[in-house]
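Okay, here's what each chain looks like letter by letter:
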Amino acid sequence: MQILTYPVGVVVGLLPVVVELGAPPRPATLRLDGRTVCSVTAAASGCSVDLGPAPRVHLLELVRANAEGHVVERAVRWVNRPGASQAEVQTRTRCEESTSRCTVRVGWAHPERQNPKKIAVALDGKPIAGAKRRDLSLDVVATRGAVLTVDLVFPDGRRATYASVLGGRVRGDEESALAGALETQACGEAGPAEALARRRAGGASVRSVERGEGGIVFVAEPSAYGALVELAGSPYAVPKRADQTALEEILREVSFTRHVVVPDQRLSRGDLQRKEPVLQALLETLDATPLKPLRLADAVASAALFAGVPGSRRLVVAILAGGPDDESRLDAGGVRAYLEELHVPLAVWRVRPAARPEWPEGRTIASEEDLRTALIDVRDRLECQAVVWTEAP
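These notes cover the structure that comes with them.

About the criteria used
Residues numbered from 1 in each chain as written. Predicted model: local features only at pLDDT ≥ 70, side-chain atom pairs only at ≥ 80, totals over all residues. Heavy atoms only, no water. Salt bridge = Lys/Arg side-chain N within 4 Å of Asp/Glu carboxyl O. Helix = DSSP H or I, 4+ residues; strand = E, 2+ residues; numbered from the N terminus. Buried < 20%, exposed > 50% of the residue type's maximum accessible area, 1.4 Å probe, protein only. Core = buried A, V, L, I, M, F, W, Y, C linked by side-chain atoms within 4.5 Å. Contact = heavy atoms within 4.5 Å.

**Considering the pattern of salt bridges**
- One pass over the structure, following the stated rule, counts 15 salt bridges.
- In this structure, the salt-bridge partner of E61 is R74, at a minimum N-O distance of 2.8 Å. You can see E61 sitting in strand 6 (residues 58–65) and its partner R74 sitting in strand 7 (residues 71–79), a full 13 residues away along the chain.
- Taking relative accessible area as the criterion, E61 reaches 10% and is therefore assigned buried.
- Here R295 makes a salt bridge to D298, at a shortest N to O gap of 2.9 Å. You'll find R295 and D298 in the same group, each marked buried.
- Each of R26, R64 and E73 takes part in one network of salt bridges that share partners.

**Points about the nonpolar core**
- With 33 residues, the main nonpolar core has F218, V317, I319, W349 and L371 as its most contacted residues.
- Listed by contribution, the elements that provide at least two residues to this core are strand 17 (213–220), helix 2 (224–232), helix 3 (242–252), helix 4 (278–287), strand 20 (312–320), strand 21 (346–350) and helix 7 (368–383).
- Here the element with the most residues in this core is helix 4; it accounts for six residues.
- If near-sequence neighbours (up to four positions away) are discounted, F218 is found in contact with L251, H259, V260, V261, L272, V278, L282, V317, I319 and W349.
- Counting 30 residues, the second largest nonpolar core, distinct from the first, contains V12, A299, L305 and A332.

The following block contains the structure:
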């Protein structure tokens, strides 16, 4: 029994849902956010669900109950949740009863059957050497167990993150998964430890707080190109100006990935490679982007869905420049609420007078010094973030 519909991207409105009932195909019930939507049978193996006009995280459940009304089978599919349309981490863990030794086999599932180009494994926040191997043998001496995190990055840009308790009272994979949340007040070397103490003092069941992987996603109006060139200098200037190089170094010194979602008809996404200056790569992307149609709100929502994968630090930067009218399907207010639901911070830069009152005022970027200050703020906001791993209730 499974839900066959696999929503990709940010979805609103009516969503047709098709299910597979197994063999034999006995009736089941489809629920949306805990509310029964329809009954499904072999003759009618699906129905449409209304997700509403604004983007929100939704849970689809296909359940089958026994004569007493108790659920005996259940399949789930998340909608609009970061990572739901990404790849998955699959682990198999066994810990020996009489020792502190645990073995972990790291596996994965990918919609296109790709293998990861990067595998990062950490135990209580400390990277594990030799993590590229599928089978790991780890020594876990903590009485309560240690927090194991696995982060995979695939060639097509998809990511998958998983966290679990390893060792202690947990001898395998059962009931060991943890939930990741974003902490934004963990500045400095002692920030994660201080955040851990604060949350535990407040009664939260927190297992670990760590820096985690990080990513920034830019969404820039194509009309911002001219203003950014004036501020940062032409990306094709040879030799580079010394002040332009200094701007680039602000983002180079922080270890995180950089991406851009283009607010055009396709909402295409690109990676800003670390080997090239981030501002130069952004300008080259904008230089090839048509001014119309503009889908700014849709692009910000798409950026949040991509950036908000559990277990990662993140920030979306919207660069406004007063371009043509926004032709997005989504309302900017609903998109801002969606970012808050996902705990994805938003920074707004206005590089030209932009009549976009539906977005926060943000920063006015009218000089090179303004741009420098904005870049430092991006760096500092990411450096003050940490990932909080909590036990499921």
